[in-house]
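Observations on the three-dimensional arrangement
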Amino acid sequence: MINLEERSQVAFGKPLAQIGDAQVCRLLQDLVREHCQTLPIMEGKRRLYYVSAEFLIGRLLINDLINLGLYDEVREQLAQAGHDLAAVDDQEVEPSLGNGGLGRLAACFMDSVATLGLPGDGVGLNYHYGLFHQRFVDNQQTALPDEWLGEQDCLEDEGKSFEVQFGDFSVVSHLYSIDVPGYHNGKRNRLRLFDLEGVDDSLVPDDSIDFDKTKVAKNLTLFLYPDDSDEDGRLLRVYQQYFMVSNAAQLIVSEAVERGSNLHDLPDYAVVQINDTHPTMIIPELIRILTQEHGIDFEEAVGIVRHMVAYTNHTILAEALEKWPLEYLAKVAPKIAKIIELLDQMQREEHDDPAVAIIKDGTVHMAHLAIHYGFSVNGVAALHTKILEETELHPFYELYPEKFSNKTNGITFRRWLMGCNPDLTSLVDKTIGTDWHRTADLTPLMAHVDDDEVLDGLVEAKGKAKARMREFLLTHQGVTVPEDAIIDVQVKRIHEYKRQQMLALYLIWKYLDIKNGNKPARPITVVFGGKAAPAYTIAQDIIHLILTLSSWIANDPDVAPYLQVIMIENYNVSAAERVIPAADISEQISLASKEASGTSNMKFMLNGAVTLCTLDGANVEIADLVGEDNIYTFGTSSREVERLYAEGAYDPQAYYHKPGIKLLVDFITNPAFMATGNEERLRRLHDDMAHKDWFMALLDLEEYIQVKERVYADYEDRGAWVRKALVNVAQAGTFSSDRTIAQYNEDIWHLVPQK
Ligand code: NBX
């Protein structure tokens, strides 16, 4: 069917075997685009609009080849011409449209929505420089613009534009889209990204992400999450959010009308899922359009919108719950501010509880707006939803118990097993057949947990994944990982609640233990990866500690042969696809109650890593599925953590002064160590840990050290370990995002799947 040889001749006048990886990549991108364009767009009277500030989609090529059913054929033809698909894939520039779990979740969801044949698109913004490109200089993070757009052309121009009116000026948008083909179903949806007409890339210097934040009419779609540590930055975020939702709302209304809506029946035509609170202003914006542009009266418009918008909460951290001064909204979008005031009044007439007010002391609580005027609120893991209902959003749960539900997150197995781990995929296929490609049911593997052939196959697949990771780390940043090393990984955004600093303290302990002559049975390689928000000082300090430790250990000949610390530079989806398949240990060590779900925990499990975790987020569900023999759990329970916060009963000093802990924390500021790093950063981090430790790393540290030692010892019982790994793979099916999306559709969206 496909003939890459011929395509190579036509495009480059050379045989396939004689063109380079970059040219092969171009051939395949054209192939994918042609195939996508022949697929009909999913149809349906009622459509989903998944509105999100982020879509962390990763490279598209391999995922698209898999979904289009071209993967095996392409791989074979390339192999015959001496090309390796993974090397070709490395030529693709990764789009930089997301930040962390919330953005990656949106990308997995789009894949699953298309695969289940549901008519629904993602709607967001086309950031020219994305989040930022992370570089390490002097063992510190520096942030550079991520110039992903210039180098690739996955965007189709939809030829649509809308006007967006701000308080003091107006702008025009332009709509682009990226195809999202379903898996083997011959149909596609789209990721639809609005850009700003007249956006000015020259506002951004080559070597920094500082730009003039006041030039709003020229900078709106330059960056995701521009620095909001000053007022200009916060205002810019509000401008961006309003630009996003005004475009989304205009798109939704115009398409519904095209499909026959008279707007009084708009909820029959569209359902809007808002990914956290960033798109909440779509509620007043839809009301504005219905009332001011289509003459529908206010109360009816509120009723219409109330049946359209569903909200997903991704965090209980107070500082991440968005609140905007009403005066910002009044400046950016005065009509929206007025409508929010009316909605606030209406709401107060129904309930006079200040805990559920939308506007308090001149501040608009975006989540409150979304809960009162949306029809659904969901958490992203069972424990998280329970905390929302019982604690964080309890007054709302009392008012509207019927709105609340749990939708435990999931991941697409197309990318996170079939795409990133070909050897494990073929082992699974050989062992249980290929039904799981559609059903995600891997439990038939449970019949093989004592089958030596399968267990040996798993060791071999892990070995090959490790070889690919070693190759990646060597070319990406010039580090050599020992061949027989145990691979222990914590990759995710850098945040105190995720407690990378606790793993760093363990590494100090291990370093000292090895110095004392206790040599591990084999080399241990601990891999970190993640970006820190540029304005989040302590997170930057944590990166600095990790990088300084990494050099310190590498330079100590007594320890370096046994312990290695690597921090991946510019960790992104492509790096995740190299590292996760290679991992033996998955570090999920957030302070219990703080990680809403986690999704890398699911990716590691699916790829045969064993989880070392607190009972937080979806770790709780993983533990239930695999059973206590196949997971390592530790740490203070979420209930106890909540009590400690409520009573202000946690005193880090009490833990800091324990001799075993003080030794580790004080290592950070010992003069010899500090001389190799940045004194200010290390002192600040030391003092923060000793005196504040807001996320209680010291509380769980001793138990963490004990459990980690047990994990490493257990790893040496290779038979028992590999069995654990296989149980993890076998039980991962629950975490397919196809399951998650089927639940969203069943309980919230009610879309009719296309045959
Ligand atoms: O969403 C993440 C949670 O931390 C994870 O536990 C969860 O698995 C994932 C998907 O549900 N949240 C997240 O990524 N949030 C943000 O990135 C974020 C960014 C900006 C902001 C608030 C939150 N203002």
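Note that the structure is predicted; figures quoted are calculated from it, not measured.

In terms of regular secondary structure, the protein chain is built from 32 helices and 21 strands. Its C-alpha atoms give the protein chain a radius of gyration of 26 Å, near enough to 27 Å, the size a compact globule of 755 residues would have. Across its three principal axes, the protein chain shows a C-alpha extent of roughly 80 × 70 × 50 Å. Counting the 755 residues in the protein chain, one finds 54% classified as buried. Across the protein chain, every contact between residues at least 6 apart in sequence was considered, and the portion connecting residues at least 24 apart equals 74%.

Moving on, we come to the pairing of strand S16 (residues 486-491). Within a regular strand, the side chains alternate between the two sheet faces. Counting buried residues along S16, six of its six residues qualify, which places the element largely inside the surrounding structure. Side-chain alternation along S16 places Ile-486, Asp-488 and Gln-490 on one buried face and Ile-487, Val-489 and Val-491 on a second face that is also buried. Between the parallel elements S16 and strand S17 (residues 524-529), the chain passes through helix H20 (residues 500-515) in a crossover that is right-handed. Two elements, S16 and strand S19 (residues 585-588), share two bridges in a ladder whose sense is parallel. The residue bridging Asp-488 from the neighbouring strand is Ile-585, located in S19.

Let us now look at unusual backbone geometry. Positive phi values are uncommon outside glycine, yet Ala-440 reaches one of about 65°. Along the chain, the position of Ala-440 falls in the loop between helix H18 (436-439) and helix H19 (452-477). Using a count of 22 C-beta atoms within 10 Å as the deciding quantity, one classes Ala-440 as buried. Of note, His-750 is a non-glycine position whose phi angle comes to about 55°, a positive value. With respect to the helices and strands, His-750 occurs in the segment after helix H32 (737-749). On the basis of neighbour count, His-750 is assigned to the exposed category, with 11 C-beta atoms found within 10 Å.

A few words on the site of the ligand. By nearness alone, 17 residues border the ligand, and Gly-100, Gly-101, Leu-102, Ala-596 and Ser-597 come closest of all. Residues lining the shell around the ligand come from more than one domain, with at least three contributed by each of domain 2 (39-59 + 94-409 + 740-749) and domain 3 (487-717).

Turning our attention to the domain arrangement of the protein chain. By domain assignment, the protein chain separates into domain 1 (1-38 + 60-93), domain 2 (39-59 + 94-409 + 740-749) and domain 3 (487-717). Centre-to-centre separation of domain 1 and domain 2, based on C-alpha positions: 35 Å. At the interface, twelve residues of domain 1 touch 14 residues of domain 2. Those elements giving two or more residues to the side of domain 1 that touches domain 2 turn out to be helix H2 (21-38) and helix H3 (61-68). For the side of domain 1 that touches domain 2, the element with the highest residue contribution is H3, accounting for five residues. Class assignment for the residues of the side of domain 1 that touches domain 2 results in six nonpolar, three polar and three charged.

What follows is about the sheet that holds strand S18 (residues 563-568). Note: strands within a sheet are paired through backbone hydrogen bonds, in either parallel or antiparallel orientation. Spatially, six strands are ordered S18-S17-S16-S19-S20-S21 in an open sheet, and the strand pairing comes out parallel. Here the strands that pair on one side only, and so sit at the sheet edges, are S18 and strand S21 (632-633). Examined bridge by bridge, S17 and S18 share six bridges and lie parallel to one another. When the bridges of S18 are listed, Thr-525 appears paired with Gln-564.

Another point: the environment of Pro-279. Within the element layout of this structure, Pro-279 appears in the loop between strand S9 (270-275) and helix H9 (282-293). The sequence separation of Pro-279 and Met-244 amounts to 35 residues, and the corresponding C-alpha distance is 7.4 Å. If we skip the residues at most four places from it in the chain, Pro-279 touches Val-51, Ser-52, Gln-241, Met-244, Val-245, Ala-248 and Ile-274.

The next thing to look at is the UniProt feature "modified residue: N6-(pyridoxal phosphate)lysine" (unreviewed entry) in the protein chain. As annotated in UniProt, the feature "modified residue: N6-(pyridoxal phosphate)lysine" (unreviewed entry) corresponds to Lys-603 in the numbering used here. Of note, Lys-603 is situated in helix H23 (residues 600-606). The contact partners of Lys-603, leaving out residues within four places of it in the chain, are Ile-411, Trp-416 and Ile-580.

This next bit is on the packing of H2 against H3. Between H2 and H3, the shortest axis-to-axis distance is 10 Å and the interhelical angle comes to 45°. On the basis of the axis angle, H2 is oblique to H3. Handedness of the H2/H3 crossing: left-handed. Here Cys-25, Leu-28, Gln-29, Val-32 and His-35 of H2 come into contact with H3, specifically with Leu-61, Asp-64, Leu-65 and Leu-68.

The next point concerns the sheet that holds strand S13 (residues 363-365). The strand order across the open sheet formed by three strands is S11-S13-S12, and the pairing between neighbours is antiparallel. On the outer flanks of this sheet lie strand S11 (323-325) and strand S12 (359-360), each paired with one strand and no other. Pairing geometry for S12 and S13, over two bridges, is antiparallel. Within S13, the position partnered with Lys-360 by the bridge is Thr-363.

This paragraph deals with the packing of helix H1 (residues 4-12) against H2. Where H1 contacts H2, the axes come no closer than 11 Å and their chain directions differ by 110°. Taken as axis vectors, H1 and H2 run roughly perpendicular relative to one another. In this structure, H1 contributes Leu-4, Arg-7, Ser-8, Ala-11 and Phe-12 to the contact, and H2 contributes Gln-23, Leu-27 and Leu-31. Among the residues forming the contact of H1 with H2, the class breakdown is five nonpolar, two polar and one charged.

In this section: the nonpolar core. Membership of the largest hydrophobic core comes to 243 residues, with the highest contact counts inside it found for Val-272, Ile-282 and Val-579. When residues in this core are grouped by element, the largest group, 13 residues, is from helix H8 (residues 231-258). In contact with Val-272, other than residues within four places in its own chain, are Tyr-49, Val-51, Ile-252, Ile-282, Met-308, Val-309 and Ala-310.

The next subject is the pairing of strand S1 (residues 47-51). Counting buried positions over the five residues of S1 gives five, a clear majority of the element. Burial along S1 is two-sided: Arg-47, Tyr-49 and Val-51 and Leu-48 and Tyr-50, pointing in opposite directions, are all buried. In terms of strand pairing, S1 meets S9 through five bridges, oriented parallel. In the sheet register, Val-51 faces S9, and the bridge partner there is Ile-274.

We now examine helix H30 (residues 697-715). In a regular helix each residue adds 1.5 Å, so 19 residues correspond to 27 Å; H30 covers 25 Å between its end C-alpha atoms and thus fits that length. For H30, the principal kink sits at Glu-703 and spans about 35°. Those residues of H30 that sit buried are Ala-697, Leu-698, Leu-699, Asp-700, Leu-701, Tyr-704, Ile-705, Lys-708 and Tyr-715.

Moving on: the environment of Val-32. Topologically, Val-32 is positioned in helix H2. A residue is classified by how many C-beta atoms lie within 10 Å of it, and Val-32, with 23 of them, is buried. Not counting chain neighbours up to four residues away, the residues in contact with Val-32 comprise Leu-61, Asp-64, Leu-65 and Leu-68.

To continue, consider the environment of Glu-679. Summarising the element assignment, Glu-679 is placed in helix H29 (residues 679-692). The class of Glu-679 is exposed, set by 11 C-beta atoms lying within 10 Å. Considering only alpha carbons, one finds Glu-679 and Ile-668, eleven residues apart in sequence, at a separation of 9.5 Å.

Turning next to the confidence of the model for the protein chain. Per-chain confidence: the protein chain averages 97 in pLDDT, with 100% of residues scoring 70 or above. Taken over the whole predicted complex, pTM reads 0.98, whereas the ipTM for its chain interfaces reads 0.99.

Rules used in this analysis
- Residues numbered from 1 in each chain as written.
- Predicted model: local features only at pLDDT ≥ 70, side-chain atom pairs only at ≥ 80, totals over all residues.
- Helix = DSSP H or I, 4+ residues; strand = E, 2+ residues; numbered from the N terminus.
- Rg over C-alpha atoms; globule rule 2.2 N^0.38 Å.
- Buried ≥ 20, exposed ≤ 12 C-beta atoms within 10 Å, placed from the backbone.
- Contact = placed C-beta atoms within 7 Å.
- Right-handed = clockwise from strand over helix to strand, strands pointing away.
- Pairing = 2+ DSSP bridges.
- Near = placed C-beta within 6 Å.
- Domains from an automatic or database assignment.
- Nonpolar A, V, L, I, M, F, W, Y, C, P; charged D, E, K, R; others polar.
- UniProt positions renumbered as here; feature names shortened; annotations may be inferred.
- Axes fitted to C-alpha atoms, helices over the stretch in contact; angles between N-to-C directions.
- Parallel < 35°, antiparallel > 145°, perpendicular 65-115°, else oblique.
- Left-handed = near helix turned anticlockwise from the far one by under 90°.
- Core = buried A, V, L, I, M, F, W, Y, C linked by C-beta atoms within 7 Å.
- Expected span 1.5 Å × (residues − 1).
- Bend = angle between axes of the 7 residues up to and from the residue.
- pLDDT = per-residue confidence, 0-100.

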